[in-house]
Amino acid sequence: MADDPQRNFRSAYYEKVGFRGVEEKKSLEILLKDNPLDVEKLSTFSQRFPLPSMYRIHVWKVLLGILPPHSDSHALVSRYRVEQFEDVSVALTAMRFVHGATQPTELYLRMYQLESRQLPRRSELRPPDDEDENFLAIARAMEEIADDQVDCYWLIRCFVNQFKLKFGDSIPHLPKSLEHFLSQEDGALLAHLKVSGALNSLPYCLWFRRCFAGCLPESSLQRVWDKVISGSCKILVFVAVEILLSYKIMLMGMSDLDGVSNFLSNMPQENTDAIVTKAIDLWHKYCGTPMHSV
């Protein structure tokens, strides 16, 4: 699509006066009028821009395959999703895995286990293992993002499945990617982390297997998940890099490995939006910006 000088002028003006997302919101609304929806264009849009909060859940549902591209089928498919949710919930109640006082996140876990044929026998129930804890962390975060219980379950279920399917083989290599990009941005900080042994004590599970669920507040986290859901796990590396850069002075003064891990696992929440913004800029710097046309 050829550049539109008038549109470019409007975009520059809106950004100058503080309404950076106005043109992007209009572009997304045009994409959402397509029938069928162009999933590739929606994915590219999500890679380039933060999704407006009013459309985020809907776009996530399309990108995760919860809703089909054909908008005419959305109402029918949504009813099927509700019915399946209710059927599985009733089955778990009948089997006495859940009851009226069960926390929603535990319900989601048991539903996921049942549907993926991983539900243990009641006599063999154990405390959650690492994989269960990763699921529960994502579930707790998604619960803060999605208001509707049915939407919440389907988003968790499909997010976890997509993440495992698309990125499962890549996750073990992300710490090395972190080391590489940190060397490009701040070799002195990387050297300190190596010499002190802290590089091996970073909360990689929290960052890369839980996608920062339980680390970043949901207002910042959902902007990271926009990128993960639309096809990039590399964004997780750049968020981690930017966290390390943001707390460089503090980290350079710390020698206690447990202290480093605990601090980064429970980092202050007040400047996370700035961290995520810088991380996205860094991601675009090294990985490029997807092209997009409407």
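Structural notes, computed from the coordinates. Chains are numbered independently. Their residues run from 1 in the order of the written sequence. Local features in this predicted model are restricted to residues whose pLDDT is 70 or higher, and side-chain atom pairs enter the listing and the counts only when it is 80 or higher, whereas totals over whole chains, interfaces and linings include all residues. Only heavy atoms go into the side-chain values, all of them from the structure, while hydrogens and water stay out.

Each helix corresponds to a stretch of at least 4 residues labelled H or I by DSSP, and each strand to a stretch of at least 2 residues labelled E; elements are numbered beginning at the N terminus. If you tally the helices and strands in the protein, you get 16 helices and 0 strands. For the radius of gyration, the atom set is restricted to C-alpha positions; the globular benchmark scales as 2.2 Å times the number of residues to the power 0.38. By the compact-globule yardstick of 19 Å for 294 residues, the protein fits well, its C-alpha radius of gyration being 21 Å. With the C-alpha coordinates of the protein rotated into their principal frame, the extents come out at 60 × 55 × 30 Å. The burial tally for the protein puts 45% of its 294 residues in the buried class. For the protein, the exposed area adds up to about 15100 Å²; of that, 50% sits on carbon and sulfur atoms. Residues scored as charged are limited to Lys and Arg (positive) and Asp and Glu (negative), so that His and the chain ends carry no count. To locate a charge, take atom NZ for lysine, CZ for arginine, CG for aspartate or CD for glutamate. Where the 33 positive side-chain charges of the protein centre and where its 38 negative ones centre are 2 Å apart. Note on exposure labels: buried denotes an accessible area under 20% of the residue type's maximum, exposed denotes more than 50%, and partly exposed covers the range between, all computed with a 1.4 Å probe on protein chains only. Method for areas: the Shrake-Rupley scheme with a 1.4 Å probe, in which residue coverage is limited to the protein chains shown.

Right, let's talk about the nonpolar core for a bit. When a protein is soluble and globular, its nonpolar side chains tend to lie buried together. Trp-207, Phe-212, Trp-225, Leu-236 and Leu-244 are the most contacted members of the largest nonpolar core, which totals 95 residues. Per element, the largest residue contribution to this core is 11 residues, and it comes from helix H8 (residues 149-167). Pairs of residues are marked as contacts when any of their non-hydrogen atoms sit within 4.5 Å. Setting aside chain neighbours within four positions, we find Leu-244 in contact with Leu-178, Leu-182, Leu-189, Leu-193, Leu-202, Trp-207, Leu-251 and Leu-264. For the purposes of this section, nonpolar cores are sets of buried Ala, Val, Leu, Ile, Met, Phe, Trp, Tyr and Cys residues that join through side-chain atoms within 4.5 Å.

Okay, the environment of Leu-42 next. By the element assignment, Leu-42 lies in helix H3 (residues 39-48). A sequence separation of 29 residues divides Leu-42 from Ser-71, and the C-alpha atoms of the two residues are 14 Å apart. Setting aside anything within four residues of it in sequence, one finds Leu-42 in contact with Leu-28, Leu-31, Leu-32, Leu-37, Val-62 and Leu-63.

Another aspect to go through is the packing of aromatic side chains. Whether two aromatic rings pair depends on their centres lying within 6.5 Å, for rings of Phe, Tyr and Trp, where Trp uses its six-membered ring; planes under 30 degrees apart make the pair stacked, over 60 edge-to-face, and the rest tilted. Going through the model one piece at a time under the given rule, you end up with 17 aromatic pairs. On the basis of an interplanar angle of 65° and a centroid distance of 5.6 Å, the ring pair of Phe-163 and Phe-167 is categorised as edge-to-face. Taken together, the positions of Phe-163 and Phe-167, both in helix H8 and 4 residues apart, correspond to about one turn of that helix. On the accessibility criterion, Phe-163 (7% relative accessible area) is buried. On the basis of relative accessible area, Phe-167 is assigned to the buried category, the value being 7%. Taken together, the aromatic side chains of Trp-60, Phe-159, Phe-163, Phe-167 and Trp-225 make up a single cluster linked through ring pairs. Any Lys NZ or Arg CZ found within 6 Å of a ring centre and within 35 degrees of that ring's normal is scored as a charge over the ring. The residue whose ring lies beneath Arg-81 is Trp-154, and the NZ or CZ to ring-centre distance is 4.4 Å.

Along the chain, the position of Asp-87 falls in helix H5 (residues 74-94). The exposed category is assigned to Asp-87, whose relative accessible area is 53%. In the structure, Asp-87 is positioned 149 residues away from Leu-236 in sequence and 35 Å away in space, judged by C-alpha atoms.

Looking at the element boundaries, Leu-236 is found in helix H13 (residues 234-246). The exposure class of Leu-236 is buried, given its relative accessible area of 0%. Leu-236 sits 121 residues away from Glu-115 along the chain, and the two C-alpha atoms are 28 Å apart. What Leu-236 contacts, discounting residues up to four positions off in sequence, is Phe-163, Trp-207, Phe-208, Cys-211, Phe-212, Val-224 and Val-228.

Take it as geometry only, folks, not as evidence of what the structure does.
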